[in-house]
Structure formats: C-alpha cells, structure tokens
Number of protein chains: 4
Amino acid sequence: METGRVFHETPPRLGRPPRAATGHALLKATREILALKGVHGLTVEGVAARSGVAKTTIYRRWRSKEDLALAALLEMTQQEPPPTGQQGSTRTALIAYLGPLIENLNSKVYGRVVRGLISDLAVDRELARGFRERVLARRVTDLQGLLQRGIERRQLRADLDTELVIDLLLGPIYYRLLMSGEPLTPAFINRLVRAVMAYAR
Amino acid sequence: METGRVFHETPPRLGRPPRAATGHALLKATREILALKGVHGLTVEGVAARSGVAKTTIYRRWRSKEDLALAALLEMTQQEPPPTGQQGSTRTALIAYLGPLIENLNSKVYGRVVRGLISDLAVDRELARGFRERVLARRVTDLQGLLQRGIERRQLRADLDTELVIDLLLGPIYYRLLMSGEPLTPAFINRLVRAVMAYAR
Amino acid sequence: METGRVFHETPPRLGRPPRAATGHALLKATREILALKGVHGLTVEGVAARSGVAKTTIYRRWRSKEDLALAALLEMTQQEPPPTGQQGSTRTALIAYLGPLIENLNSKVYGRVVRGLISDLAVDRELARGFRERVLARRVTDLQGLLQRGIERRQLRADLDTELVIDLLLGPIYYRLLMSGEPLTPAFINRLVRAVMAYAR
Amino acid sequence: METGRVFHETPPRLGRPPRAATGHALLKATREILALKGVHGLTVEGVAARSGVAKTTIYRRWRSKEDLALAALLEMTQQEPPPTGQQGSTRTALIAYLGPLIENLNSKVYGRVVRGLISDLAVDRELARGFRERVLARRVTDLQGLLQRGIERRQLRADLDTELVIDLLLGPIYYRLLMSGEPLTPAFINRLVRAVMAYAR
DNA sequence: AACTAACCGAGACGGTACGTCCGGTCTTATT
DNA sequence: AATAAGACCGGACGTACCGTCTCGGTTAGTT
C-alpha cells in the first residue's frame, strides 16, 4: 500500500528505520499550509521550513509536492466512516452518502486540495493513478454497493447502467465545485438524487 | 468586452495605439506552446521567445499566463458555430450539440487548456469570472435554448428543472475529462442523453 | 553654449517652438529627485513622472540621465559668486575660496551629484568633456587667478608650479569626499592651505 | 576577515561546504568582464554566464555586483608586494612606493574598477567599509610606516602632520585618475613627492 | 561492543521562471 | 515642429522554488 511513497514493499530491514514521527510532522505541516494558502502556496521548501524536516527527507518520501498533497488528502479521507448500514430507501441512502461528501468538499482544505490536484492529474500519470485508485475508487465502490443493494431490493431497475448513474451523481457535484462555482448545498443534493432516481427506478 | 485584457472599453485615443498584430502573434505562440507542452509548459518567457514579443508587452496586455491561456481558449471557442437550426427531436439536438463539444475537449490543445485552468479558477477571481462568463456561460445559454424549445414543443415536461438538467449533462462530461479519465466517446454521449431524457420527458 | 543640449544654434523657426518652462520644470524635478534619492535614484522615467514632461521630450534635450544630472549641477554652480575681490593675503584668499566649495560639496544634492557622476566620466566622453570644461575648469581658472596674483604680489615664488599647486589643493578635498570619507571641515581647509603655502612660498 | 563575503569567520561545519573552485571561477570571470567592458558592463547575469556558475550562487556569496567587483579588486591588490625594505631617502622610498601604485591605476582593469566603485561608496555603506578597510587602509598604513621611519631618521620634521601628508600624496593622484583626467606619469609622481617633501622636511 | 547501513538536517549548487524596472525608440493625436 | 501619451523591444534585476548533491551526525539492527 502506501502509494505515493517511494518505499519498498518489503523493506530490506537494514540500517536505521525511517521515523514515523517525521512523516506525521510533514503531513501536518502540509495540511496547515494547504489550509492557509491552498495548493498554489504549497512548496516543498515551505513544508520543510514549517515542519523542521529537511528538504532532502521530503524528497526521500514523496516524488513531488503533488504527491505530498495527495498523501495529506488521503490521511483526511481515510478518517471518513464508510456508508451507513442502510436500512431506509436507496434515495435516503444516496443522500446520506453524498451529504458528508459535499461537506468535505465545502471545507477549506479538502476542497482546495482536490481543486489543486485536478490539473496535475493530466500531466502526472503516477499522481493520477494514486488519485483514482485511492480517492475516487472508494467513492465509486461505495456507490456501486449502494446501487447494487437497491437493485437487489427491487428499488432500482435490474438492467440499470450503474456506471452511468455514478457519473450522473458525482459529475454534477464536481462540476459545481470545479467549474460553475454554484454552491454545493443539501438542497442541491436532494434535487440531484431525485432526478437520478427518476431515471434509475 | 474583451475580458482578460487590460484595455479600456472606449480607448482614450492617446499615445501610440496597440498593434493588433502583436496580440495575434502572442495568441498564436500561446496556442502552439499549449499544444506542444500543455499549460504546465506555458511560460510567459516562452511565449515571449516564440512570438518575438517582449515580455513586458505581454504583461501589459494580460495579468498572468492563465489569463493568456484563457484568451487563447476564447479565440478557439469563438470560431465554433452556434447550435444547429434544430429540426429533429430534442434528443437529437442535444447529441448534435454535445458531440462537437467532446470533440473539442478530446483535442490536444483545448482539453489541456481547460484542465490546466481549472485549479486556478479557485485562486484567481478574475480568471474565474472570465472563464465562467465567456466559456461556460455560452454552453449554458445554448443548452438552455435547446431545452426551452423542447418544452415549447411538448417534448419535455413543462415544469422541468432546466438548471439541473444542464448540470446533469455537463457534469459527467467534465467529470470524465478532469477526474475519472474515462474516455469521452459518442457512445457515452448517447447513454448520457438517453438517461437525462428519461428524467426530462 | 549650453553644452549637453542637443539644440541647434539657429533654430529652424518652424512649427511649435520649444517651451522654456519645460526645461526648468525638468531641471527642478531632477534636482529634487537628486536630493531625495541621489544619482542612483535618478531615472529618466522618474523625472518625466515628477515633472509631467514626456520621456521623449527629455531625450530630445539631453542624451542621458547623466547629462541631465550635469545640467542640474551646472544650474547650481552658476549661481555661485566668483572669488572675492581679494584684499588680504593669498592664504586668506585661498581659504575664502575653498570654504564655500566644501560647503557645497557637503550639501546633499551637490555632493551626491558629483559623486554620482565620477564613475561615468570614464565611460562617457561627452559627459567628461562637459564636466571638465564646465565644472572643473572654473575652479582651475579661479585658483589659477588667485595664485597668479599671489606671484605678482611676491607672496608666492615666481617659479611656482601652479598646476601642481592646484592638484595639491583640490586633490585632497575630492579624495576625502569620494574615497576616504573623512569630513571636509574648515579646520581641514586651514591645515591644507597652510601646508600648500609652506611649499609655495 | 574576508569582508564582502557572506560567510562566517568560523564555519559551523554544517551542510555541504562551499566549493572553493566556484569562488575562483566567479572572480576570474569577473576580472575578465571588468577588463573587457568595465564596471558598467559588469552584470551578475554576465558573470554567471561566463563562469558557468548559477546566478543564485553568486547572490549566495556576494550581496551585489559591486561587492563582487570589490572582491575581484582585492584579489589583485593582495598580490602586490609590500613597500620595499627602504634603504635610501624617504623621498626615494615614496617614489618607489607610488610608482607601482600609478602603474596599477593606469592598468585597464584596476583603474576601471576603482573608478566604477567610487560612486557606489556613497550609497552602499557595506561596500564603503570594505573598500576603505581593505583597499585604502593598506595604502595608508604603508605610507604611515614610510613617513614614521622618515621621522625617526630625522629626514622629516618631528611634528609632521602625517595624516595630511597622506592626503597630499594620494589626493592628487586620485584627483587626476577620477576627475581631471590628466595622465599619471612617473614625472608627475616626481613633482608631487618633491613638493610634499618641501613641506614635510 | 563494534560495525554498518540507512536516516536525517543543513546547506551548496545548477537551473528555470518569475514579475519589475528602466533604458531607448517608435508612433499617434494634439497643440 | 514640439509635445504628451503610451506601445514596444530589450537587458538586467533580485527572488522563489525546484530537484540534486555533498557533508556531518545520528540511530537502529546485526555480527
């Protein structure tokens, strides 16, 4: 695991092992700078200065500042709880899932980082892989699960194009975040889910 | 108009007027570099070198290289024809409209520029304003028109939430372009439009 | 006359005549900037801004900012009175002459300008010519006159090497101003003149 | 010592030590450019290009191009031998000392640098300190020594104002170099020393 | 306990680009 | 024709970061 890190999967068990504290200090500093100045204000030099960790050490652990930002993003995402046990309707479940997501995106750090990373995805293959496998994929599988359960319970069509449904749910959210700038409110999520359900049922 | 430019709407006719040729040369060089190396490879210095125009002159006309990229993007967008006269169904009209759009986005320069600008929208208010007013707004009004005509012709519900429909159409497209990386094919547009129509009818 | 100016001796009497006020405004602004920020802070652009005169106009009148500074210097020097009628001894006359000189050099503007021009003398032949003919030469002829009268009155040796004496008088003064930084006081002038008289008598 | 340099007297032995070769390459390039184009033609960018050393590295070592020029000057001055053992008269000793000095000043590089630095002395305190302590002070102590020995040997008056004598010797030399432009010849040194001795004896 | 490989901080270094200042030249409309 | 205004080219400035490269000094885990 630990994508983004340069470390070997099977550490050669020799010499002084890397200090865990160093990594934490770095990610903490990264998050703080990210919150204060956004991805544009994130510089390796700045992180080094703020964390007290040497620049060289940073490069020993991450290939670029984008990688570093991604790592910081992951630390935050991983604290999110998985989608709730699901007792109500599929519609309620979707709303319950997307609600916290937009809360995150509306938060300073999280939204900023996502926005900041986007343009680099096109340039940096490694980064794109990490972002998709470790941030997006989670959303997709979560939603896939929700939809699947909906199908099983006959709340959704059996022949539903779930891939497209996911695009229809996440697409507008990120479109607002990244491009139109329209606010991401619970009311919007309601309208969105209702519309998608009209198609999926 | 001419957002992004520093010039006055009604030039005070004083001093030597700006050479139009200079602007053209700059946008040409910008487009070329953009195509070759993407937004990340776009530097004011590079544009100056390639165009033979002095760096100072560039800064006199655009506030930043992002502004410059936006201007180059606009020059390309403005050559696009408006949505066709519309004789068939709303579905056909939508497909006919979104087809060229993804062709554009799939093209090297255009897609790259859009991707490259996204993250800066959050940082640079002026840039965001320009992008929304001059790039996005066009899509939105075009689509609004299409949908309105559909309503008038009773092909779409009278109480349709057109704003949401537009989010549902553009959202997934840009989501694929910017985030998931899934390809933007005519087939995808077909699926997308069919799904949205299921809701809108 | 008016060395340093580009004007034609016999103006071609056609079109709008040059405003005399323009020149004054320029020299005034020059002096002010010189006083505030020294020769290093003197820029053609700055003078244009402060005086409200166009940059082009400045270049029409002076070849460079050094020339401009020299012109400002001259305006100040020319207001100096010639050496006094001389009734006392040569020694007193010398002290009476050098006193005002160091007062000038100690003043903000004057000293700064002289210092600032020095290094350019080596580079700019025209400037050097102007400076020597129009600033230095005056000192030299004044002193030459004083010494000559001293010889006539038998206060100085008949075979006196007056050229050297002038070097011995002015040299140490400018050496202190430009290089050693030691203060130019009346007391110093006293010591200096006494020493030179010891040789010249 | 090593004024002008940013380095610490007692290096704290931390991090990669500065390469001596870098400094040499820089001063060499500086001297060459100085010889070719004078202080006016000396640019940090030019030195970087010629020496192959990065611009940033130059600024890491010297605060300005004037500092750099001073350093180059020092390298040259320090190779000068101290005043000769002195067996003859004080007059001969003075001539023997001032002769090489004017040879230096007459040489392309040396003279140019001195002239070029002069005006900056008034602006840049650090530079002035360096120049006085490390270039001028040497001349002064050398001459002071010569004069002192002259006094001890009864060749000069016991109550001699040696400070003034030094002004009288160096003043005219630099006055010619910087201002009047009159040539610095051995014959001139002869006349100068003879005159000063007339006062000092 | 000594060895030794890796970690880590510090800082030199070569680079690229930035955005700005200023120098000069030119072009236009106005006086 | 002189002037004001301002576009334009060009050179250099000093700075910010980048990513790499030595250094010296820890700090584990073998041997």
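Values in this document were obtained by computation on a predicted structure and should not be read as measured data.

1. Quick look at the overall build of chain A
- Each helix and strand in chain A was counted, giving nine helices and zero strands.
- Sequence-ordered secondary structure for chain A, helices as α and strands as β, is α-α-α-α-α-α-α-α-α.
- On the principal axes, the C-alpha backbone points of chain A span a range of 60 × 40 × 30 Å.
- Burial statistics for chain A: of 201 residues in total, 49% are counted as buried.

2. Topic: the interface of chain A and chain B
- The partner chain B presents 36 residues to the 37 residues of chain A that form the contact.
- Where chain A abuts chain B, roughly 3,200 Å² becomes buried across the two surfaces, and 66% of that area is made up of carbon and sulfur atoms.
- Taken as a group, Asp 167, Tyr 175 and Met 179 of chain A account for 22% of the area that chain A buries against chain B, more than any other trio of residues on that side.
- Linking chain A with chain B are eight salt bridges, by the criterion used here.
- The salt bridge involving Asp 161 of chain A is made with Arg 191 of chain B; its shortest N-O contact spans 2.8 Å.
- Elements with a minimum of two residues in the side of chain A that touches chain B: helix H6 (108-121), helix H7 (125-152), helix H8 (162-180) and helix H9 (186-200) of chain A.
- Residues of the side of chain A that touches chain B, tallied by class, amount to 22 nonpolar, six polar and nine charged.

3. Quick notes on the domain arrangement of chain A
Residues and elements named next belong to chain A.
- You can read the domains of chain A as domain 1 (20-72) and domain 2 (80-200).
- Centre-to-centre, using C-alpha coordinates, domain 1 lies 28 Å away from domain 2.
- Each side of the interface is counted separately: domain 1 has 13 residues, and domain 2 has 13 residues.
- Around 960 Å² of area is buried between domain 1 and domain 2 when both sides are counted, 70% of it from carbon and sulfur atoms.
- Its largest share of buried area at the contact with domain 2, domain 1 owes to Val 39, Glu 66 and Leu 70, together 49% of the area lost on that side.
- The interface formed by domain 1 and domain 2 contains one salt bridge.
- Across the pair Arg 63 and Asp 124 runs a salt bridge, and its minimum N-O distance is 3.1 Å.
- At the junction of domain 1 with domain 2, the criterion picks out four residue pairs in polar contact (both at pLDDT 80 or more).
- Secondary-structure elements contributing two or more residues to the side of domain 1 that touches domain 2 are helix H1 (20-37) and helix H4 (65-77).
- No other element matches H1, which puts five residues into the side of domain 1 that touches domain 2.
- In terms of residue class, the side of domain 1 that touches domain 2 is built from six nonpolar, two polar and five charged.

4. Examining the interface of chain C and chain D
- Opposite the 37 residues of chain C that make contact, chain D presents 36 residues.
- Together, the buried faces of chain C and chain D total about 3,200 Å²; carbon and sulfur atoms form 65% of this surface.
- Three residues stand out in chain C for area buried against chain D, namely Asp 167, Tyr 175 and Met 179 of chain C, and they jointly supply 22% of the buried area on that side.
- Where chain C touches chain D, the interface holds eight salt bridges.
- Arg 176 of chain C serves as the salt-bridge partner of Glu 163 of chain D, at 3.8 Å between the closest nitrogen and oxygen.
- Run the count over chain C and chain D and you get 13 residue pairs in polar contact (both at pLDDT 80 or more).
- With 13 residues, helix H8 (residues 162-180) of chain C is the largest single contributor of residues to the side of chain C that touches chain D.
- Of the residues contributing to the side of chain C that touches chain D, the split by class is 22 nonpolar, six polar and nine charged.

5. Description of the side chain of Thr 90 of chain C
Residue and element names in this part refer to chain C.
- Among the structural elements, Thr 90 can be located in helix H5 (residues 90-106).
- A distance of 2.4 Å separates a polar atom in the side chain of Thr 90 from a polar atom in the side chain of Gln 155.
- Those residues in contact with Thr 90, other than ones at most four positions away along the chain, are Leu 146, Gly 150, Gln 155, Leu 156 and Met 197.

6. Quick look at the relation of the copies chain C and chain D
- At an RMSD of 0.2 Å, chain C and chain D line up after a rotation of 179 degrees and a shift of 0.0 Å along the axis. Taken together, the rotation and translation describe the operation of a two-fold axis. Looking at the rotation axis and the C-alpha trace of chain C, the residue lying nearest is Gly 171 of chain C, at 2.0 Å.

7. As for helix H7 (residues 125-152) of chain B
- Where H7 of chain B bends most, at Ala 137 of chain B, the angle is about 45 degrees.
- In the segment just after H7 of chain B, Arg 154 of chain B is the residue with positive phi, at about 65 degrees.

8. So, the packing of helix H4 (residues 65-77) of chain C against helix H6 (residues 108-121) of chain C
Residue and element names in this part refer to chain C.
- As a packed pair, H4 and H6 sit with axes 10 Å apart at the nearest point and diverge in direction by 140 degrees. It follows from the interaxial angle that H4 and H6 lie oblique. For the crossing formed where H4 meets H6, the hand is left-handed. For the pair formed by H4 and H6, the contact residues are Glu 66, Ala 69, Leu 70, Leu 73, Met 76 and Thr 77 on the first element and Val 109, Tyr 110, Val 113, Val 114, Leu 117 and Asp 120 on the second.
- Within the contact of H4 with H6, the residues separate by chemical class into nine nonpolar, one polar and two charged.

9. So, the packing of aromatic side chains
- Inspection of every chain in the model, using the stated rule, returns four aromatic pairs over all chains.
- Ring plane angle 20 degrees and centroid distance 6.1 Å describe the contact between Tyr 174 of chain C and Tyr 175 of chain D, whose orientation is recorded as stacked. A residue pair is termed interchain when its members come from two chains, as with Tyr 174 of chain C in helix H8 and Tyr 175 of chain D in helix H8 (residues 162-180). Each member of the pair Tyr 174 of chain C and Tyr 175 of chain D is classed as buried.
- Over the ring of Phe 188 of chain A we find Arg 176 of chain A; its NZ or CZ atom is 3.9 Å from the centre of that ring.

10. Things to note about the pattern of salt bridges
- Scanning the model with the defined rule gives 52 salt bridges over all chains in all.
- A salt bridge links Arg 50 of chain A to Glu 32 of chain A; the nearest nitrogen and oxygen atoms lie 2.6 Å apart. Residue Arg 50 of chain A is found in helix H2 (residues 44-51), and its partner Glu 32 of chain A is found in helix H1; the two are separated by 18 residues along the sequence.
- A relative accessible area of 26% places Glu 32 of chain A in the partly exposed class.
- Beyond isolated ion pairs, a larger network of salt bridges with shared partners links Asp 161, Glu 163 and Asp 167 of chain A together with Arg 176 and Arg 191 of chain B.

11. Brief notes about the relation of the copies chain A and chain B
- When chain A is fitted onto chain B, the two copies agree to an RMSD of 0.2 Å after a turn of 179 degrees and an axial shift of 0.0 Å.
- The overlap is high: 97% of the interface residues of chain A also sit at the interface in chain B, so the same surface is used on both sides.

12. What about the protein's contact with DNA strand E?
- Residues in contact with DNA strand E amount to 47 residues; listed here are only the nearest, Arg 19 of chain A, Lys 55 and Tyr 59 of chain B together with Gly 15 and Arg 19 of chain D.
- In the interface set of DNA strand E, defined as its atoms within 4 Å of the protein, sugar plus phosphate atoms amount to 57%.
- In the environment of DNA strand E, a phosphate oxygen lies 3.1 Å from a nitrogen or oxygen atom belonging to the backbone of Val 44 of chain C.
- Sorting the residues of the surface near DNA strand E by element identifies helix H3 (55-61) of chain A, helix H2 (44-51) and helix H3 (55-61) of chain B, helix H2 (44-51) and helix H3 (55-61) of chain C together with helix H3 (55-61) of chain D as the ones contributing at least two each.
- In terms of residue class, the surface near DNA strand E is built from 15 nonpolar, 14 polar and 18 charged.

13. Points about unusual backbone geometry
All names here are of chain A.
- Phi at Arg 154 takes a positive value of approximately 65 degrees, unusual for a residue other than glycine.
- In this fold, Arg 154 is placed in the loop between H7 and H8.
- Its relative accessible area of 76% is what places Arg 154 among the exposed residues.

What counts, and where the lines are drawn
- Residues numbered from 1 in each chain as written.
- Chains lettered and ligands numbered in written order.
- Predicted model: local features only at pLDDT ≥ 70, side-chain atom pairs only at ≥ 80, totals over all residues.
- Heavy atoms only, no water.
- Helix = DSSP H or I, 4+ residues; strand = E, 2+ residues; numbered from the N terminus.
- Buried < 20%, exposed > 50% of the residue type's maximum accessible area, 1.4 Å probe, protein only.
- Contact = heavy atoms within 4.5 Å.
- Buried area = accessible area lost by both parts, 1.4 Å probe.
- Salt bridge = Lys/Arg side-chain N within 4 Å of Asp/Glu carboxyl O.
- Nonpolar A, V, L, I, M, F, W, Y, C, P; charged D, E, K, R; others polar.
- Domains from an automatic or database assignment.
- Polar contact = N/O pair within 3.5 Å; in protein donor to acceptor, adjacent residues only side chain to side chain.
- Least-squares fit on C-alpha atoms with pLDDT ≥ 70 in both.
- Bend = angle between axes of the 7 residues up to and from the residue.
- Axes fitted to C-alpha atoms, helices over the stretch in contact; angles between N-to-C directions.
- Parallel < 35°, antiparallel > 145°, perpendicular 65-115°, else oblique.
- Left-handed = near helix turned anticlockwise from the far one by under 90°.
- Phe/Tyr/Trp six-rings, centres within 6.5 Å; stacked < 30°, edge-to-face > 60°.
- Lys NZ or Arg CZ within 6 Å of the ring centre and 35° of its normal.
- Near = heavy atom within 4 Å.

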